[in-house]
Amino acid sequence: MNGPFAGRRLCIATMHGKERVIAPPLERLLGVHCELPPEGFDTDRFGTFSGEVVRRGTARDAARAKAAAAMDAAGIDLAVASEGSFGPHPHSFLLHVGAELLLLVDRRLGLEITGEDVTAETNHGGRVCSSLADATAFAGKVGFPEHALIVTVGEPPVRVWRGLGTEAALRDAVAAAVAASAANGLPWSVASDMRADRNPTRMRAIGRAAASLAERAATPCPGCATPGFGQVEVRRGLPCGDCGAPTAQVRALVHGCARCDERRELPRADGATTASPAGCDVCNP
């Protein structure tokens, strides 16, 4: 296999098993040889979902820092790091959204290439509880025990029990949290454990982001041949199917290069050329 990545060592900056879904598409499409950082590499120092360590900066900042640390630890110049972000759906308070960012950093070529997956298929969530029954009811809604849980006391947490994957473990953690809460007057809560190796739903999302990253990294710029040609923006204004007025819906995708000014406008992937009048401010003000 030819290409700027073929035959090179690539370090996957993870301590939570993400290599299982990240390595296969990268090795297949780019020809890299994936490896893990040396034993003891700690990604939790860049932020934890349970709140003990707050992430600094954006998801891309955190992924960049992880990739840099992995390259330094492994003594190589190519790495991939992942960072997830979770929160309420912008259009429905009943739903949560998960966004996975994968960042490939190539120090030799001076490149950063991203792959992303954004989905409402996530079990992210949490609940302040007062009893084991509360915690058990929440657990039943987020895929427990296949998906692990976290129990915390305080906000930010002063006590944390992570990776709870059995009823016995959950029961013991809740008993300890109730006692700690009674002793110091702080509330306790239960939440989804969003670490990838404890959350199959999230692991699938990371796999989709990895496939997106691999495909993009394997695509050269038609102008300068730099790898990583892909979507950089969207253009809105899809015309209404009734009156022809521009709407807020996406009209076209713009693909671009990470190095030069090459840009190509592409039609929507679904082939739609008009929008429903229901989304038109003229027809449906």
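As shown above, the structure is provided for reference.
These figures come from a predicted structure and were not determined experimentally.

A. Broad picture of empty space enclosed by the protein. Enumeration according to the criterion identifies one cavity of 30 Å³ or more in this entry. Volume-wise, the largest cavity comes out at about 50 Å³. Surrounding the largest cavity, Phe-86, Gly-98, Ala-99, Glu-100, Thr-119, Glu-121, Thr-122, Met-194, Thr-201, Arg-202 and Ala-205 form its lining. Mapped onto the lining of the largest cavity, the elements with two or more residues apiece are strand E4 (92-106) and helix H5 (200-217). Class assignment of the residues belonging to the lining of the largest cavity gives a composition of four nonpolar, four polar and three charged.

B. Quick look at the packing of helix H1 (residues 19-30) against H5. Where H1 meets H5, the closest approach of the two axes is 8 Å, and the angle between their N-to-C directions is 20 degrees. One element, H1, and the other, H5, form an angle in the roughly parallel class. Along this stretch, H1 crosses H5, giving a crossing that reads as right-handed. Note on element contacts: H5 touches H1 through Met-203, Ile-206, Gly-207, Ala-210, Ala-211, Leu-213, Ala-214, Glu-215 and Ala-217, opposite Arg-20, Val-21, Ile-22, Pro-25, Leu-26, Leu-29 and Leu-30. Residue composition of the contact of H1 with H5, by class: 13 nonpolar, one polar and two charged.

C. Structural context of H5. Helix length check: H5, at 18 residues, gives a terminal C-alpha distance of 25 Å against a target of 26 Å (1.5 Å per residue), a fit within 8%. Every buried residue of H5 is accounted for by Thr-201, Arg-202, Met-203, Ala-205, Ile-206, Gly-207, Ala-209, Ala-210, Leu-213, Ala-214, Arg-216 and Ala-217.

D. Region of interest: the packing of aromatic side chains. On inspection of all chains with the given rule, the structure shows one aromatic pair. Centre to centre, the rings of Phe-49 and Phe-86 are 5.6 Å apart; their planes meet at 65 degrees, and the pair counts as edge-to-face. One end of the pair, Phe-49, is in the loop between strand E2 (33-35) and helix H2 (59-74); the other, Phe-86, is in strand E3 (residues 78-89), and 37 residues separate them in sequence. When its relative accessible area of 39% is taken as the criterion, Phe-49 is described as partly exposed. Over the aromatic face of Phe-41 sits the side chain of Arg-45, whose NZ or CZ is 5.5 Å from the ring centroid.

Parameters and conventions
Residues numbered from 1 in each chain as written. Predicted model: local features only at pLDDT ≥ 70, side-chain atom pairs only at ≥ 80, totals over all residues. Heavy atoms only, no water. 1 Å grid on protein atoms, 1.4 Å probe; cavity = no way out; pocket = protein on both sides within 12 Å on 5 of 7 lines; lining within 4 Å. Points joined across faces, edges and corners; volume = space filled by probe spheres on them. Helix = DSSP H or I, 4+ residues; strand = E, 2+ residues; numbered from the N terminus. Nonpolar A, V, L, I, M, F, W, Y, C, P; charged D, E, K, R; others polar. Axes fitted to C-alpha atoms, helices over the stretch in contact; angles between N-to-C directions. Parallel < 35°, antiparallel > 145°, perpendicular 65-115°, else oblique. Left-handed = near helix turned anticlockwise from the far one by under 90°. Contact = heavy atoms within 4.5 Å. Expected span 1.5 Å × (residues − 1). Buried < 20%, exposed > 50% of the residue type's maximum accessible area, 1.4 Å probe, protein only. Phe/Tyr/Trp six-rings, centres within 6.5 Å; stacked < 30°, edge-to-face > 60°. Lys NZ or Arg CZ within 6 Å of the ring centre and 35° of its normal.

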